[in-house]
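# A look at the structure
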Amino acid sequence: MAAKFKKSYRFAVFSSSMITVALTLFVSVFFYLKNTFDWFFVLLFFVVCFTLSFVLIQVRVERFIYKRVKKIYDDVSLLDVTTLRRGQVTTDMNTLTKEVERFAASKKLEIESLKIREEYRKEFMGNVAHELKTPLFTTQGYILTLLDGAMKDKSVRKKYLKRAAAAVERLVYLVSDLDMISKLEVGDLNLRYEYFDMVVLVKDTFELLEMKASKKNITLTTDMDYTEPISVNADRERIQQLLTNLIVNSIKYGKQDGTTEISIENLIQNKVIVRVTDNGEGIAKEHIPRLFERFYRVDKSGSRREGGSGLGLSIVKHIIEAHDEKIYVESDFGVGSEFSFTLEKAEELPKTGTVETPLVE
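Residues numbered from 1 in each chain as written. Predicted model: local features only at pLDDT ≥ 70, side-chain atom pairs only at ≥ 80, totals over all residues. Heavy atoms only, no water.

## Points about the overall build of the protein
Quick note on the threshold: A helix here means a DSSP run of H or I that spans at least four residues, while a strand means a run of E at least two residues long, and both kinds are numbered starting from the N terminus. Whether a residue is buried, partly exposed or exposed follows from its accessible area with a 1.4 Å probe, protein chains only, as a fraction of its type maximum: under 20%, in between, or over 50%, in that order. Any two residues whose heavy atoms approach within 4.5 Å at even a single point are treated as in contact.
Regarding its fold elements, the protein presents 10 helices and 8 strands. Counting across all 361 residues of the protein, residues that qualify as buried make up 37%. By sequence separation, contacts in the protein at least 24 residues apart represent 73% of the contacts at least 6 residues apart.

## Remarks on the UniProt feature "transmembrane region" (unreviewed entry) in the protein
For the record, the criterion: UniProt positions are given in the numbering used here, feature names are shortened, and annotations may be inferred rather than shown by experiment.
UniProt feature "transmembrane region" (unreviewed entry): in the numbering of this structure it lies at residues 12-33 and 39-61. With 100% helix and 0% strand, residues 39-61 has end C-alpha atoms that lie 32 Å from one another.

## Concerning the side chain of Ser 16
Residue position: Ser 16 is located in helix α2 (residues 10-33). Residue classification places Ser 16 among the buried residues on the basis of a relative accessible area of 0%. Excluding its chain neighbours within four sequence positions, the residues that come into contact with Ser 16 are Phe 50, Ser 53, Phe 54 and Ile 57.

## Thoughts on the packing of helix α8 (residues 236-252) against helix α10 (residues 312-322)
Let me state the cut-off plainly: Only the contacting stretch of a helix is used when fitting its axis, a line to C-alpha atoms as for every element, and angles between N-to-C directions run 0 to 180 degrees. By convention, the crossing between two helices is left-handed when the near helix turns anticlockwise from the far helix through less than a right angle, and right-handed when the turn is clockwise. Classes in brief: Ala, Val, Leu, Ile, Met, Phe, Trp, Tyr, Cys and Pro nonpolar; Asp, Glu, Lys and Arg charged; the others, Gly included, polar.
The N-to-C vectors of α8 and α10 enclose an angle of 145 degrees; their axes lie 9 Å apart at closest approach. Regarding α8 and α10, the two cross each other, and that crossing is left-handed. Every residue of α10 that contacts α8 at Arg 238, Gln 241, Leu 242, Asn 245, Leu 246 and Asn 249 is listed here: Gly 312, Leu 313, Ile 315, Val 316, Ile 319 and Ile 320. Here the contact of α8 with α10 is built from residues that sort into 7 nonpolar, 4 polar and 1 charged.

## Notes on a nonpolar patch on the surface
Definition in use: Patch construction takes residues with relative accessible area above 30% that form no salt bridge. Like charges are linked within 9 Å, and nonpolar side chains (Val, Leu, Ile, Met, Phe, Trp, Tyr) are linked within 5 Å. Surface exposure here means Shrake-Rupley accessible area, sampled with a 1.4 Å probe, where a residue is shielded only by the protein chains that are shown. Any Lys or Arg side-chain nitrogen located within 4 Å of an Asp or Glu carboxyl oxygen qualifies as a salt bridge.
Together, Val 21, Leu 25, Leu 43, Phe 46 and Val 47 make up a nonpolar patch on the protein surface, roughly 440 Å² of accessible area in all. Within the residue set of the nonpolar patch, elements represented by two or more residues are α2 and α3 (39-75). The leading source of residues in the nonpolar patch is α3, at 3 residues. Residue placement: Val 47 occurs in helix α3.

## Overview of the pairing of strand β4 (residues 259-268)
Cut-off, in case you're wondering: Pairing between strands is defined by DSSP: at least two bridges between them are needed.
The pairing of strand β2 (residues 219-222) with β4 spans 4 bridges and is classified as parallel. When the sheet's bridge partners are listed, Thr 222 is paired in β4 with Ile 262. The pairing of β4 with strand β5 (residues 271-278) spans 8 bridges and is antiparallel. Of the residues in β5, the one forming a bridge with Ile 264 is Val 274. Counting the residues that bridge the hairpin from β4 to β5 gives 2 residues.

## Some details on the pairing of strand β7 (residues 336-345)
For β7, the tally of buried residues reaches 8 of 10 residues, placing the bulk of the element in the interior. Relative to β7, β5 is paired through 8 bridges, and the arrangement is antiparallel. Looking at β7, one finds that Thr 277 is bridged to Glu 338. The pairing of strand β6 (residues 327-332) with β7 spans 6 bridges and is classified as antiparallel. Residue pairing in the sheet places Asp 332 in a bridge with Gly 336 of β7. Counting the residues that bridge the hairpin from β6 to β7 gives 3 residues, and of these Gly 334 lies at a positive phi of roughly 85 degrees.

Printed below as a string of structure tokens:
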């Protein structure tokens, strides 16, 4: 306590002592010359003079410092002025020092974060521009060719219009995926939880993608015949979208005459794990950590031939995280890949009961 007092009021004590000693010496010499020297009076004068000097100096210093520190807080609006107290600031300045250090540290982190975001924004905008310009320029080229006279040839007109339509379809698909992932990231999309049979959902998704798989003669199958329902609690529409993206990805990079297999297993008492396995190209280890980044491509040329927005796996990741679940990837280059994700298991399928909850990133 004494050390704190000495540190806090050092200036006032030192200044008061200097003034008191000087005045006491002056008064003592004055009374000595007058032959009326009184030790009691000199001692009393010393105490009173020191007390008054200390109080006056301390009050003035406090006001002087506080006004200027308060001005700093007011000028630098990002400092938390509510933490400013007259006594704390004017005695040892620790409050101001800690607040400025906290402010500097937070600004440093913010600047670093802004730099990372700026780099991410530049990369994202570049990727979006690259993805958009391909179908746009393709469509523009076909339309301009038709306008320059090719439309008079009926066979050429039909062929070019089909190609332009395909480019527009890719553009619509890309914009739709961008809109979806934006809503997922900002939490502007509600999840509609319901109880449904995962086995039925897998079969329905297989039927939707059967024609796409048949183009490469890829077999869509399950690891076994599921005779009993496996009920889960999730947003059925979003899980089907997730499953569709994973299967389409396995078809896209799958081998001719290959297989895409889905298995549904009990993980723990209230969880199931769904595995999507293929015997396609596989993924090199160095690419796996970045697979779920937007527009990240393992094989740019291959993905261009197959089409797609480059957002499928990123959407998958966001849907799973929105359900507070996990997704895993295992892959051997040249052998195949396995994507697996967990879902909340329901003991039985109730007749009714859906719950809407806001999406939380």
